[in-house]
Amino acid sequence: RGARIDAAEALRLVRALAPFAAAFVALTVYYKVDVLLLARWRDAAEVGLYAAAYKFVDVAQALALVAAGAVYPRLSRAVAAAAHAASSGRNAGDRAHGHASPALPRSAARLLEWALLATVPAAGLVFLLRIPLTVAIYGAAYADAAVVLGWLAALLPALVLNILAGYVLGAAGRMGQVAGAYVLATVANVAANAVLIPRYGAAGAAMAMLGSEL
């Protein structure tokens, strides 16, 4: 309160935040557009089946975001340390050849490895138990959601990997590329939904999501 605002510093902050804002807007559209398209081309019962199965994706996404947020400060420090070490050990000729961004630290690779080791068995378990899980949670009226859950379970490892990779790239100053990737994935997802939803309904939306995640 009462502090002076440096316009140049405020502009620098906005420019730094813009790629993150763009990435999260694109990510939100990407993960919700299939429900809107399903509601447009199919009836409410299909939307309900898809939404029921998609709760497992919501849980996986939330856990991935929590894990990514927890390790993001450490990743940022590791990238900064790697950049400092690289700039200290590189001569002027190396700089002139365009080595602008440092290699991602080993901690980033280990994070993605551990994520896959944790997610692949969990996804396999959800796939194997998709029928009793669906009936136990939602009741027999939602038994058909198990077919949708089978497709969605297959995409869980890719989904977690993509979310964590987004934060890794963000720590390396490449969040603009993450935003672009989700925009392209949204285009691919909408195109696949336009083909698959009219033919397969809720299962078609899950197929489209699996393809775009991969």
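Residues numbered from 1 in each chain as written. Predicted model: local features only at pLDDT ≥ 70, side-chain atom pairs only at ≥ 80, totals over all residues. Heavy atoms only, no water.

Asker: Would you take a moment to explain the overall build of the protein for this structure?
Answerer: Within the protein, the regular secondary structure consists of 8 helices and 0 strands. Tracing the protein from N to C terminus, the helices and strands come up as α-α-α-α-α-α-α-α. Counting over 214 residues, the protein shows a buried share of 35%. Contacts in the protein between residues far apart in sequence, at least 24 positions, make up 77% of those at least 6 positions apart. (Helix = DSSP H or I, 4+ residues; strand = E, 2+ residues; numbered from the N terminus. Buried < 20%, exposed > 50% of the residue type's maximum accessible area, 1.4 Å probe, protein only. Contact = heavy atoms within 4.5 Å.)

Asker: Could you clarify how one ought to interpret empty space enclosed by the protein in this entry?
Answerer: Applying the stated rule across the entire model yields 1 cavity of 30 Å³ or more. Residue assignment for the lining of the largest cavity shows that the elements contributing at least two residues are helix H1 (7-41), helix H6 (145-171) and helix H7 (175-200). In terms of residue class, the lining of the largest cavity is built from 9 nonpolar, 1 polar and no charged. (1 Å grid on protein atoms, 1.4 Å probe; cavity = no way out; pocket = protein on both sides within 12 Å on 5 of 7 lines; lining within 4 Å. Points joined across faces, edges and corners; volume = space filled by probe spheres on them. Nonpolar A, V, L, I, M, F, W, Y, C, P; charged D, E, K, R; others polar.)

Asker: I'm lost on the packing of H1 against helix H8 (residues 202-213) in this one. Help?
Answerer: For any two helices packed against each other, one specifies the inter-axial angle together with the distance between the axes. One can describe the packing of H1 onto H8 by two numbers: an axis separation of 10 Å at closest approach and a directional angle of 155°. Overall, the two elements H1 and H8 adopt an arrangement that is roughly antiparallel. Every pair of crossing elements has a handedness; the one defined by H1 and H8 is right-handed. The segment H1 lies against H8, with Tyr 30, Tyr 31, Asp 34 and Leu 38 engaging Ala 202, Met 209, Ser 212 and Glu 213. Grouping the amino acids of the contact of H1 with H8 by side-chain chemistry returns 5 nonpolar, 1 polar and 2 charged. (Axes fitted to C-alpha atoms, helices over the stretch in contact; angles between N-to-C directions. Parallel < 35°, antiparallel > 145°, perpendicular 65-115°, else oblique. Left-handed = near helix turned anticlockwise from the far one by under 90°.)

Asker: What's the story with a nonpolar patch on the surface in this structure? I'm lost.
Answerer: The grouping of Leu 125, Phe 127, Leu 128 and Leu 129 at the surface amounts to a nonpolar patch, some 390 Å² of accessible area in total. Its place among the elements puts Leu 129 in the loop between helix H4 (106-128) and helix H5 (130-138). Here Leu 129 falls in the partly exposed class, since its relative accessible area comes to 37%. (Patch = residues over 30% accessible without salt bridge, like charges linked within 9 Å, V, L, I, M, F, W, Y side chains within 5 Å. Areas by Shrake-Rupley, 256 points an atom, 1.4 Å probe, with all protein chains shown as cover. Salt bridge = Lys/Arg side-chain N within 4 Å of Asp/Glu carboxyl O.)

Asker: How should the confidence of the model for the protein be read in this particular structure?
Answerer: Should the pLDDT be low somewhere, the predicted coordinates at that spot are not to be read in detail. Predicted confidence across the protein gives a mean pLDDT of 87, with 90% of residues reaching 70 or more. H8 holds the highest mean pLDDT among the elements of the protein, 95, whereas helix H3 (residues 92-96) holds the lowest, 49. Contacts from residues 98-102, a stretch scored under 50 in pLDDT, to residues over four places away or in other chains number 7 contacts. (pLDDT = per-residue confidence, 0-100.)

Asker: Is there a simple way to explain the layout of surface pockets in this structure?
Answerer: The space that makes up the largest pocket amounts to roughly 330 Å³. Ala 60, Leu 63, Thr 119, Ala 122 and Val 160 are, among the 17 residues lining the largest pocket, the residues nearest its centre. Within the residue set of the lining of the largest pocket, elements represented by two or more residues are helix H2 (44-89), H4 and H6. Looking at the lining of the largest pocket, the element that brings in the most residues is H4, giving 8 residues. A volume near 180 Å³ is recorded for the second largest pocket. Lining the second largest pocket are Tyr 30, Asn 162, Ala 165, Gly 166, Leu 169, Val 178, Ala 181, Tyr 182, Ala 185, Ser 212 and Glu 213. Elements that contribute at least two residues to the lining of the second largest pocket include exactly H6, H7 and H8. Partitioned by chemical class, the residues of the lining of the second largest pocket number 7 nonpolar, 3 polar and 1 charged.

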